[in-house]
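# Residue-level structural notes
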Amino acid sequence: MTVITRDVVIVGAGPSGLTAATELRKSGLTVAVLEARDRVGGRTWTGDIDGAMIEIGGQWLSPHHTAALELVADLGLQTFSRYRDGESVYLAADGTRQQFTGDVFPAPADTAAEIDRLIALLDGLAAEVGAEQPWAHPLAAELDSVSFSEWMKQQSDNEYARETVTFFVSGAMLTKPAHTFSTLQALHMAAAQGSYTALATDSFMLDKRVVGGMQQVSQRLAATLGDDVHLSSPVRRIQWSDNEVTVFADGGLEVHASRVILAVPPNLYSCISFDPPLPRRRHQMYQHMSFGFVVKAHAVYPTPFWREKGLSGTGFSDTDYVSEVYDNTNHGVDNGAIVGFIAHEQADALFEMTPAERKAAIIDCFVRYLGPEAATPDVYYESDWGAEEWTRGAYGVSFDLGGMTRYGRDHRDPVGPMHFSCSDLAGHGFQHVDGAVRMGRRVAAAIIAERSLV
Ligand SMILES: Cc1cc2nc3c(=O)[nH]c(=O)nc-3n(C[C@H](O)[C@H](O)[C@H](O)COP(=O)(O)OP(=O)(O)OC[C@H]3O[C@@H](n4cnc5c(N)ncnc54)[C@H](O)[C@@H]3O)c2cc1C
């Protein structure tokens, strides 16, 4: 058994927990970070798959992600732009394949105008609702009681325009079917990334990557924290009183501290046993916060062959299994990589198949987007975060219908000595690395402020 004493113990060595630990350490407090996995980075994970560097988890930064961009630069990391020259591909429901330029999917002029109108409407509402306290908007209860799919039906009779605009938040962001989350939740996602237009603009949301991989952010933070990061130490039990916590992890590790930060996604709080139990409202609240589900499929080819055909590697479909594809070639390499996304119910359907059938179905989609050369990748890999014990979904956690107005106002507050930090609790940068960094800084500042009052 190992017993240690620190000012603050942090549960989870993802970008949020490590940011918080780093800030606390800078202010002179002692920390211990307990991580369940045998690696740091959480949902950011840069893997080596058959010799190819693959971003298994989070990878892109938008210009709106200023906190994450600042941290990347402070850590001495470089960024590079996603390749996006050339034409994009749209696979339509009737099986036709169209090439197009710009951010708007090919559509007749009246439908394109309707898409613009809906996005402008959502931009206006998202700006009003804001990223930080969407539940405080005068129309919050109303917007939180109607599913996004139903609300969109009330706004437009044009099914194609509706489906296209809905996709930017359901398939591409919350990764849940649009009948399962509220309009308020959709507006919050938009506000948190700058606007609804931002969500609809892949050149904005998927702007930059970190040279060498996003996991390095966590690896560099952890390197500075040194022996205070304890890997393979899943926390199982937290004993707490007003000003004291004892955190018990596997391997007989016991940490005594005056504060604990739970830097794990909210769906995992219930995997920890609390003594005394969490307050009733927290027990209830966390049952209304759940992960979406998306599979990231990676294929690496000898060359980025699509570029020679004038294609950007970007493609979309609202009916095919793979709803989005992008050029995901690493910086400074000769080979070419494509990443595809299969979201929510399409992902469920794929996991009904055998691995071989699933791979064949996904590669077939890549062929439809990019041509016959896509049939034979050198490396193929599926990021399946739903099967990860210490995550259980992708990309992040959001409220169910009505949950945001019922619980949102309390969900970032501490409980006694327990603070909560995670990208899924963020305002700006919600569900992204940027939100993880912002929450880490915010919670560290709150603890530092509490201490200065003592
Ligand atoms: C497939 C995928 C693609 C994504 N794409 C992007 C993207 O392109 N851009 C972007 O900005 N974001 C993206 N994200 C989201 C981004 O990765 C997350 O928002 C970010 O990693 C959240 O950081 P976090 O520290 O809040 O939580 P996490 O990264 O989830 O870290 C939590 C940590 O807590 C640990 N843990 C859990 N339970 C325990 C326990 N009981 N004891 C000890 N440790 C525990 C976990 O192992 C994990 O290391 C993506 C996510 C996924 C899954």
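About the thresholds
Residues numbered from 1 in each chain as written. Predicted model: local features only at pLDDT ≥ 70, side-chain atom pairs only at ≥ 80, totals over all residues. Heavy atoms only, no water. Axes fitted to C-alpha atoms, helices over the stretch in contact; angles between N-to-C directions. Helix = DSSP H or I, 4+ residues; strand = E, 2+ residues; numbered from the N terminus. Parallel < 35°, antiparallel > 145°, perpendicular 65-115°, else oblique. Contact = heavy atoms within 4.5 Å. Nonpolar A, V, L, I, M, F, W, Y, C, P; charged D, E, K, R; others polar. Pairing = 2+ DSSP bridges. 1 Å grid on protein atoms, 1.4 Å probe; cavity = no way out; pocket = protein on both sides within 12 Å on 5 of 7 lines; lining within 4 Å. Points joined across faces, edges and corners; volume = space filled by probe spheres on them.

### A look at the packing of helix 3 (residues 109-129) against helix 8 (residues 183-192)
One can describe the packing of helix 3 onto helix 8 by two numbers: an axis separation of 8 Å at closest approach and a directional angle of 85°. The pairing of helix 3 with helix 8 is recorded here as roughly perpendicular in orientation. Across the interface between the two elements, Leu122, Leu125, Ala126 and Val129 of helix 3 pack against Leu184, Leu187, Ala190 and Ala191 of helix 8. For the contact of helix 3 with helix 8, the per-class residue count stands at eight nonpolar, no polar and no charged.

### Regarding the sheet that holds strand 16 (residues 273-275)
Read from one edge to the other, the open sheet built from five strands follows the order 1-14-13-12-16, with strand pairing classed as mixed. Strands with a single pairing partner mark the edges of an open sheet, and in this sheet they are strand 1 (2-5) and strand 16. Neighbour to neighbour, the strand axes of the sheet diverge by 15° on average, direction disregarded. For strand 12 (residues 235-241) and strand 13 (residues 244-249), the ladder comprises six bridges, and the chain directions are antiparallel. When the bridges of strand 13 are listed, Trp240 appears paired with Val245.

### Considerations on the sheet that holds strand 10 (residues 208-210)
In spatial order, the strands read 6-10-7; together these three strands make up an open sheet with antiparallel pairing. A single partner strand is all that each edge strand has here, and the edge strands are strand 6 (60-61) and strand 7 (79-81). In the sheet, strand 7 pairs with strand 10 via three bridges, with the strands oriented antiparallel. Across the sheet, Ser81 pairs through a bridge with Lys208, a residue of strand 10.

### Section: the layout of surface pockets
Here the largest pocket defines a volume of roughly 460 Å³. Along the walls of the largest pocket sit 20 residues, with Glu163, Thr166, Ser170, Ala178 and His344 positioned nearest its centre. Counting only elements with at least two residues in the lining of the largest pocket, the list comes to helix 5 (148-155), helix 6 (159-167), helix 7 (170-174) and helix 14 (344-350). Of the residues forming the lining of the largest pocket, the biggest block, four residues, is contributed by helix 6.

Honestly, it's all geometry; don't read function into it.
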